Amino acid sequence: MSIYFLGINGVIGSRTFLLPSVIYRYMNLTAVLVLLCTALTVSMIALCYADLSSRFKGSGAAWLYSYNAFGRFTGYELGIFTWFLGCCTLAAEIVALLTTLKSFLPVFDNHVVYYGTAMGLIILFAIINFFGRDLVKAVNNISAAAKILTLIVFIIVGVFFIHKANFSPVIPAAGMTGAGPFLKHFGAAFTPIFYLFTGFSFLPIAAKQMNNPEKNIPRVLIAVMISVTILDALMMIVAIGIAGSRLGGYSTPLASVFGDAIGKWGYTVIIVGMLISIFGVAFSASFNAPSLVASLANEHGMLPKVIGKKNKHDAPWVGIILTAILTAAFATQSYLFLVSCTVLASFVQYVPSILAVIKFKHTNEFPNHGFKLPGKYIIPALALVVSCYMVTNFTAKTLLVGTVVAVLAAVAYFFIDKDEEAERRHESFLAALRNEKK
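Fair warning: this is a prediction, and the values are worked out from it, not measured in the lab.

The rules behind these values
- Residues numbered from 1 in each chain as written.
- Predicted model: local features only at pLDDT ≥ 70, side-chain atom pairs only at ≥ 80, totals over all residues.
- Heavy atoms only, no water.
- Phe/Tyr/Trp six-rings, centres within 6.5 Å; stacked < 30°, edge-to-face > 60°.
- Helix = DSSP H or I, 4+ residues; strand = E, 2+ residues; numbered from the N terminus.
- Buried < 20%, exposed > 50% of the residue type's maximum accessible area, 1.4 Å probe, protein only.
- Lys NZ or Arg CZ within 6 Å of the ring centre and 35° of its normal.
- Axes fitted to C-alpha atoms, helices over the stretch in contact; angles between N-to-C directions.
- Parallel < 35°, antiparallel > 145°, perpendicular 65-115°, else oblique.
- Left-handed = near helix turned anticlockwise from the far one by under 90°.
- Contact = heavy atoms within 4.5 Å.
- Nonpolar A, V, L, I, M, F, W, Y, C, P; charged D, E, K, R; others polar.

Enquirer: Would you mind going over the packing of aromatic side chains with me for this structure?
Expert: Describing an aromatic ring pair means giving the distance of the ring centres and the angle of the ring planes. Applying the stated criterion to the full structure yields 11 aromatic pairs. Ring geometry for Phe81 versus Phe84: centroids 6.1 Å apart, planes at 85°, classification edge-to-face. Taken as a pair, Phe81 and Phe84 lie in helix H6 (residues 72–104) at a separation of 3 residues, close to a single helical turn. Accessibility assignment for this pair places Phe81 and Phe84 in one class, buried. Between Phe360 and Phe366, the aromatic rings sit 5.2 Å apart at their centres with planes inclined by 75°, giving edge-to-face as the arrangement. Given a relative accessible area of 0%, Phe360 falls into the buried group. Three or more aromatic residues link up through ring pairs in this structure, and these residues are Phe73, Tyr76, Tyr413 and Phe414. Just above the ring of Phe337 sits the side chain of Lys397; from NZ or CZ to the centre is 4.3 Å.

Enquirer: Looking at this structure, how should I read the packing of helix H5 (residues 62–70) against H6?
Expert: How two helices pack is summed up by the angle between their axes together with the distance between the axes. At their nearest, the axes of H5 and H6 sit 7 Å apart, and the two run at 170° to each other. With respect to each other, H5 and H6 are oriented roughly antiparallel. Between H5 and H6 lies a crossing of right-handed hand. Only Arg72, Thr74, Gly75, Leu78, Gly79 and Thr82 of H6 make contact with H5, whose side of the interface consists of Ala62, Trp63, Ser66, Tyr67 and Phe70. In terms of residue class, the contact of H5 with H6 is made up of 5 nonpolar, 5 polar and 1 charged.

Enquirer: I would appreciate a short explanation of the environment of Val351 in the present structure.
Expert: With respect to the element layout, Val351 can be found in helix H14 (residues 335–363). Given a relative accessible area of 17%, Val351 falls into the buried group. Sequence spacing of Val351 and Cys87 is 264 residues, and the spatial spacing of their C-alpha atoms is 20 Å. Beyond its immediate stretch of four places on either side in the chain, Val351 contacts Leu384 and Ser387.

These results come straight from atomic positions and should not be treated as a statement about function.
Right under this line is the structure:
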């Protein structure tokens, strides 16, 4: 259950409470259909992760899978990008939280207060993580339960305030002028909706700190994707049914919609739940990102060993500090820019991970334990097509950031003192595995 709540916290956050207005502006009522289509396609990628997580019990997720499938350098690059993803996600949630506070507390318009609070939150997350997984688990479970309850209250109460007239228009007039404009609107909605589901990839990062990860993580990944899809679809239907075209103009859409329906206290309830939700995703990212960078140092010596050091609470304290520093730099950027960077980093880790599934199915290396992806190559092939489609929706600025991260990581790779002994052990392991198959 704690792993399930960790997955929920990784997925349901600021995106669920802030992006419905953006999604509605692009596709109106059809946004619900686009959401379901996106959920189905993202679930194919999640199933690939479920298959991979049943093959490995080490920490690292995407980088670990790519390392074993395509070698050291690919694993290293994926590790850096996944850490970049974690820091972007953490920064995006902090910016979202402060933007929400700014909407009803003018004091946050002051740059000193705004950035001072951002740094304070980053330090708070770091301090909590210093005390290991017991405290992390307690905070995570509380925040995940609170956000699920908030969405359920919004859906159950809000359904009584739906007006059928608000379900029109079904598609924006600009999107009905031809196939080209429709696909343009669809693609514009696809990226923010895709962001609604991206957090699932963080779940296997700290596998070593979980009980029986090879069996539990695949089950939880599937349960999280089903839960989030149902909640998000119902949330969009209720929000559109209450507000109609007004939904596209709200900066805090769910809170404003609920306030329209039942008054000021409804707005307050959703804002409180939203803040808890954002805090939960930020907290989840603050836990996963340091675990990722520490696993790069500890699993196969891809980073200096000092980065993998842990304290007496089994917390990767050096990784926590490095994550806090990088997150502080990202927290100076806008929310939508951080969202686009997060989706790009997700794409970069999805493609090699999907290809790793295809390779392992072909070679029969690293057998499954507890879950096996059905249909041989069908689901990975469809997931690969979806992931590649994401490229068409990135801006030049986002692609430039991704290129800079990849190049800097590649240059640094050749100056890192690599753990050759760890590499030899891994090669011996692979050789033994191949001999056993023969």
